[in-house]
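Below, each chain spelled out in residue letters.
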Amino acid sequence: MTWQPIVTGTDASSEGALAVTTAWTVAQATGAPCRILHVAREPAHPALGSRPAEDRERIHRQILDEARATVVDALREHVPAAAIAQLEVHLGNPAWVLARAVEETKAGLLVLGGKHHAALVRWFGGSTVHHAVRTIDVPILVAAPTDAMFPRILVATDLSDAARPTLEAALRFAGSFGSHVKVLHIVEPLPSVPDIGIELDEREHLRLAEEGTQALLSDIDPEHAVQVDVRAGAPARAIAEEAATWEANLVVVGSHGKGWVDRVLLGSTTERLLNRLPSPVLVIPIRASDET
């Protein structure tokens, strides 16, 4: 099974080049077509709308030509020529164009390089990545510099409705690259509940979490051995620390299993990880059809 097809957004920044390089590598490994887009903003000068149609068309063409030349020049030293040949340059609102391209292409994966606050970040008036995670229901790979293409994949999961689709996507991705996979389940400390006469056993809580994780993996039946690590801690911090210690080349997380309105709200573990992790991150959205 492949990520059919792949869409990536780029610009003249180093993050834009990294997004294209990553998307192109994944496309070559999985046999998926790759659509590469740059979107130039239309000038907002009020007088432009009053000009004759041929003048507006000429100005738009000039903007597109200049944008293409700038982006190609920035990508040339970092991106294969075959990928640059696929570059599409559009005019409009970058956020809308990218979202429309994902829908029209029926993309299976969106690759972005906006982990740092470069030009891509301005696409959505804030963080490109955060906006996309909240509003676009396809897996999103957030590119970041890595020594090798995904030999070690860390999957951060729990036992919610998000667990199965997150694990399945991670194992499918790992199968394309022959990656070693570690599944990390962070169990948040049990709350203190005084005066109710119930003693909460932390060790039993961890044991049940590990049994549940192993049962989920057995149900999915991965083709290769998967390492499982269940521990207590604060999820975002523990995942970031393990990604650094284990030297993960990719961290796979699920969006937090809520509806679209809930995902617009800030504060999820996924969004904290996007801010914290230096490694590439693959975010698997949990659509309404996946939820109970």
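Here, the structure is the one placed above.
Here we summarise the structure given alongside this text. Throughout, a residue's number is its position along its own chain's written sequence, starting from 1. Per-residue local features are limited, in this predicted model, to residues with pLDDT of at least 70; the limit for side-chain atom pairs, both in listing and counting, is 80 or more; totals at the level of whole chains, interfaces and linings are taken over all residues. Just so you know, side-chain values use all the structure's heavy atoms and leave hydrogens and water out.

1. Some details on the overall build of the protein
For step 1, the next point in the chain: Counting its regular elements, the protein contains 10 helices and 10 strands.
For step 2, the next point in the chain: Only the protein chains shown count as covering a residue, and every accessible area follows the Shrake-Rupley method with a 1.4 Å probe. For the protein, the computed accessible surface area is about 14,500 Å², with 51% contributed by carbon and sulfur atoms. For the purposes of this entry, the term helix denotes a DSSP run of H or I that reaches at least four residues, the term strand denotes a run of E that reaches at least two, and both are numbered from the N terminus.

2. Here we look at the sheet that holds strand β3 (residues 87-91)
For step 1, the next point in the chain: The rule for pairing is simple: two strands pair if DSSP sees at least two bridges between them. Across the sheet, 10 strands lie side by side as β3-β2-β1-β4-β5-β10-β9-β6-β7-β8; this open sheet has mixed pairing. The sheet is open, and its two borders are formed by β3 and β8 (227-232), each paired with just one other strand. Direction aside, neighbouring strands of the sheet carry axes that sit 25° apart on average.
For step 2, the next point in the chain: Here strand β1 (residues 6-9) pairs with strand β4 (residues 109-112) via 3 bridges, running parallel. Across the sheet, Val7 pairs through a bridge with Leu110, a residue of β4.
For step 3, the next point in the chain: Working rule for contacts: check all heavy atoms of both residues, and any pair within 4.5 Å makes them a contact. Axes here mean lines fitted to C-alpha atoms, for a helix over just the part in contact, with angles spanning 0 to 180 degrees between N-to-C directions. The sheet contacts of helix α2 (residues 53-75) involve β2 (34-40) and β3, and relative to β3 the element is tilted by about 140°.

3. Some details on the side chain of Thr157
For step 1, the next point in the chain: Structurally, Thr157 is set in strand β6 (residues 152-157).
For step 2, the next point in the chain: In this structure Thr157 touches Ala163, Leu167, Val183, Leu184, His185 and Ile186, once residues within four positions along its chain are discounted.

4. Some words on the packing of aromatic side chains
Given two aromatic rings, one states the distance between the centres and the angle between the planes to describe the pair.
For step 1, the next point in the chain: In summary, the pairing rule links any two rings of Phe, Tyr or Trp, Trp by its six-membered ring, whose centres are within 6.5 Å, and it sorts them by plane angle into stacked for under 30 degrees, edge-to-face for over 60 and tilted for everything else. For the coordinates displayed, the defined rule picks out 3 aromatic pairs.
For step 2, the next point in the chain: Taken together, a centroid distance of 5.2 Å and an interplanar angle of 25° make the contact between Phe173 and Phe177 stacked. Taken as a pair, Phe173 and Phe177 lie in helix α6 (residues 163-177) at a separation of 4 residues, close to a single helical turn.
For step 3, the next point in the chain: Throughout this description, buried means an accessible area under 20% of the type-specific maximum (1.4 Å probe, protein chains only), exposed means over 50%, and partly exposed covers the range between. Overall, Phe173 belongs to the buried group, its relative accessible area being 0%.
For step 4, the next point in the chain: By way of ring pairs, the aromatic residues Phe150, Phe173 and Phe177 are connected into one cluster.
For step 5, the next point in the chain: We count a charge as sitting over a ring when the NZ of a lysine or the CZ of an arginine lies within 6 Å of the ring centre and within 35 degrees of the ring normal. The ring centre of Trp246 lies 4.4 Å from the NZ or CZ of Arg152, which sits over that ring.

5. Brief notes about the nonpolar core
For step 1, the next point in the chain: For the purposes of this section, nonpolar cores are sets of buried Ala, Val, Leu, Ile, Met, Phe, Trp, Tyr and Cys residues that join through side-chain atoms within 4.5 Å. In this structure, Ile6, Leu141, Ile153 and Phe173 are the most contacted members of the largest nonpolar core, which totals 50 residues.
For step 2, the next point in the chain: If we ignore the near neighbours within four places in the chain, the residues touching Ile6 are Ala23, Val26, Ala27, Thr30, Ala32, Pro33, Cys34, Arg35, Leu109 and Val111.
For step 3, the next point in the chain: Leu37, Val39, Val253 and Val283 belong to the second largest nonpolar core, which has 35 residues in total.

6. Examining the environment of Val283
For step 1, the next point in the chain: Tracing the backbone shows Val283 in strand β10 (residues 281-284).
For step 2, the next point in the chain: On a C-alpha basis, the gap between Val283 and Thr166 in space is 8.3 Å, while along the polypeptide they are 117 residues apart.
For step 3, the next point in the chain: Apart from residues no more than four positions distant in its own chain, Val283 is found in contact with Val133, Val138, Pro139, Ile140, Val253, Ser255, Thr270 and Leu274.

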